[in-house]
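# Architecture and fold: a report
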Amino acid sequence: NAGVTQTPKFRILKIGQSMTLQCTQDMNHNYMYWYRQDPGMGLKLIYYSVGAGITDKGEVPNGYNVSRSTTEDFPLRLELAAPSQTSVYFCASSYSFFGTAEKETQYFGPGTRLLVL
Amino acid sequence: KQEVTQIPAALSVPEGENLVLNCSFTDSAIYNLQWFRQDPGKGLTSLLLIQSSQREQTSGRLNASLDKSSGRSTLYIAASQPGDSATYLCAGYQGGSEKLVFGKGTKLTVNP
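The sections below set out a description of the structure shown in this document. (Residues numbered from 1 in each chain as written. Chains lettered and ligands numbered in written order. Predicted model: local features only at pLDDT ≥ 70, side-chain atom pairs only at ≥ 80, totals over all residues. Heavy atoms only, no water.)

## Examining the overall build of chain B
Helix and strand content of chain B: zero helices and 11 strands. Reading the secondary structure of chain B in the N-to-C direction produces β-β-β-β-β-β-β-β-β-β-β. The C-alpha radius of gyration computed for chain B amounts to 13 Å, which stays within 12% of the reference 13 Å derived for 112 residues, consistent with globular compactness. The C-alpha extent of chain B, read off along each of the three principal axes, is 45 × 25 × 20 Å. Expressed as a percentage of its 112 residues, the buried residues of chain B come to 44%. Taking all contacts inside chain B whose residues are at least 6 apart in sequence as the whole, residues at least 24 apart take part in 54%. (Helix = DSSP H or I, 4+ residues; strand = E, 2+ residues; numbered from the N terminus. Rg over C-alpha atoms; globule rule 2.2 N^0.38 Å. Buried < 20%, exposed > 50% of the residue type's maximum accessible area, 1.4 Å probe, protein only. Contact = heavy atoms within 4.5 Å.)

Printed below as a string of structure tokens:
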């Protein structure tokens, strides 16, 4: 299994541009998450999904959109990029919220580093 | 609202030392608590997950404990090695929610 994969690894955007960060998992996990990590600030949840067709907001959803049309994919869309969206973005997945420790464990992708100038 | 705190923010120890990393949380209704490791420029790697019905979990040289009544979790690393140098993050679920709340991490340096 490749686990959780993210593309691209690094991207520079100009203010006002849009882009989609891709996330794919091959572990048949139901739950998927998007986080952003800023230096010294820990990880903040942007959006999450508990299954195909179901998404919900996290702590910092403004300026982002998501969709979940398949179990495997959970893309994050940035509309009208702003310097405040400069960050490292991580996608994660888990099998479920209830169950064994293995099923509840979140697995992370390698991250996408985004710079908005 | 669940808040997770990790103190200290950074820790430097000599190789071979046993050490404890601390994590505190405000909501005792925490569902489970996870410890992660993050190497520079990399994603997070899950180390241990302690479910709310458990008090501790062990994996190799790592032992994590959970005390819901005091709002604390600890990660014990035995016989530390330079390869253990990384940032360690703890995270707990906000009560009644599928949202994981992270601490800011402790940056560990193990000196040869």
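## Here we look at the state of the cysteines
By definition, a disulfide is the covalent link that joins the sulfur atoms of two cysteine residues. Residues and elements named next belong to chain B. All chains considered together, the criterion is met by two disulfides over all chains. Across a sulfur-sulfur distance of 2.0 Å, Cys-23 and Cys-90 are joined as a disulfide pair. Taking the torsion about the S-S bond as the criterion, the Cys-23 to Cys-90 disulfide, at about 80°, is right-handed. Of this pair, Cys-23 sits in strand β3 (residues 19-25) while Cys-90 sits in strand β9 (residues 86-93), placing them 67 residues apart in sequence. Just as Cys-23 is buried, Cys-90 falls in that class too. (Disulfide = S-S within 2.5 Å.)

## Brief notes about a nonpolar patch on the surface
A contiguous nonpolar patch, built from Phe10(A), Ile12(A) and Leu117(A) and spanning about 320 Å² of accessible area, is present on the exposed surface. According to the relative accessible area criterion, Leu117(A) is exposed, its value standing at 59%. (Patch = residues over 30% accessible without salt bridge, like charges linked within 9 Å, V, L, I, M, F, W, Y side chains within 5 Å. Areas by Shrake-Rupley, 256 points an atom, 1.4 Å probe, with all protein chains shown as cover. Salt bridge = Lys/Arg side-chain N within 4 Å of Asp/Glu carboxyl O.)

## Describing the environment of Gly103(B)
With respect to the helices, strands and loops of the structure, Gly103(B) is situated in the loop between β10 (100-102) and β11 (106-111). The buried category is assigned to Gly103(B), whose relative accessible area is 0%. Along the primary structure Gly103(B) and Ala78(B) are separated by 25 residues, whereas in three dimensions their C-alpha atoms are 22 Å apart. If sequence neighbours within four positions are ignored, Gly103(B) has contacts with Gly42(A), Val4(B), Gln6(B), Leu89(B) and Cys90(B).

## Considerations on the side chain of Gln6(B)
Residue and element names in this part refer to chain B. Tracing the backbone shows Gln-6 in the loop between β1 (4-5) and β2 (10-14). A polar atom in the side chain of Gln-6 sits 3.0 Å from the backbone oxygen of Tyr-88. Of note is the side chain of Gln-6, whose polar atom sits 3.0 Å from the backbone nitrogen of Gly-105. Residues in contact with Gln-6, not counting those within four places in the same chain, are Asn-22, Cys-23, Trp-35, Tyr-88, Leu-89, Cys-90, Gly-103, Lys-104, Gly-105 and Thr-106. (Polar contact = N/O pair within 3.5 Å; in protein donor to acceptor, adjacent residues only side chain to side chain.)

## Quick notes on the nonpolar core
Residue and element names in this part refer to chain B. The biggest cluster of nonpolar side chains holds 22 residues, and the ones touching the most others in it are Leu-21, Leu-33, Trp-35, Leu-75, Ile-77, Tyr-88 and Leu-108. If you list the elements that add at least two residues to this core, you get β3, β4 (32-38), β5 (44-51), β7 (62-67), β8 (72-77), β9 and β11. If you tally residues by element for this core, the top one is β3, at four residues. Apart from the residues lying within four places of it in its own chain, the contact partners of Leu-33 are Cys-23, Phe-25, Leu-48, Leu-49, Ile-50, Leu-66, Ser-73, Cys-90, Ala-91 and Gly-92. (Core = buried A, V, L, I, M, F, W, Y, C linked by side-chain atoms within 4.5 Å.)

## So, the pattern of salt bridges
Residue and element names in this part refer to chain A. Inspection of every chain in the model, using the stated rule, returns five salt bridges over all chains. For Glu-59, the salt bridge identified is with Lys-44, shortest N-O distance 3.7 Å. Residue Glu-59 is located in the loop between β6 (54-57) and β7 (64-66), and its partner Lys-44 is located in strand β5 (residues 43-51); the two are separated by 15 residues in the primary sequence. Between Arg-77 and Glu-79 there is a salt bridge, with its nearest N and O atoms 3.1 Å apart. Accessibility expressed as a relative area gives 32% for Arg-77, which makes it partly exposed.

## Regarding the interface of chain A and chain B
Taken together, the contacts link 26 residues of chain A with 22 residues of chain B. Buried area between chain A and chain B, both sides added, is near 1,900 Å², and the carbon and sulfur share of it is 57%. At the surface where chain A touches chain B, the tally comes to zero salt bridges. Across the contact surface, chain A and chain B share six residue pairs in polar contact (both at pLDDT 80 or more). Residues belonging to the side of chain A that touches chain B are distributed by class as follows: 14 nonpolar, eight polar and four charged. (Buried area = accessible area lost by both parts, 1.4 Å probe. Nonpolar A, V, L, I, M, F, W, Y, C, P; charged D, E, K, R; others polar.)

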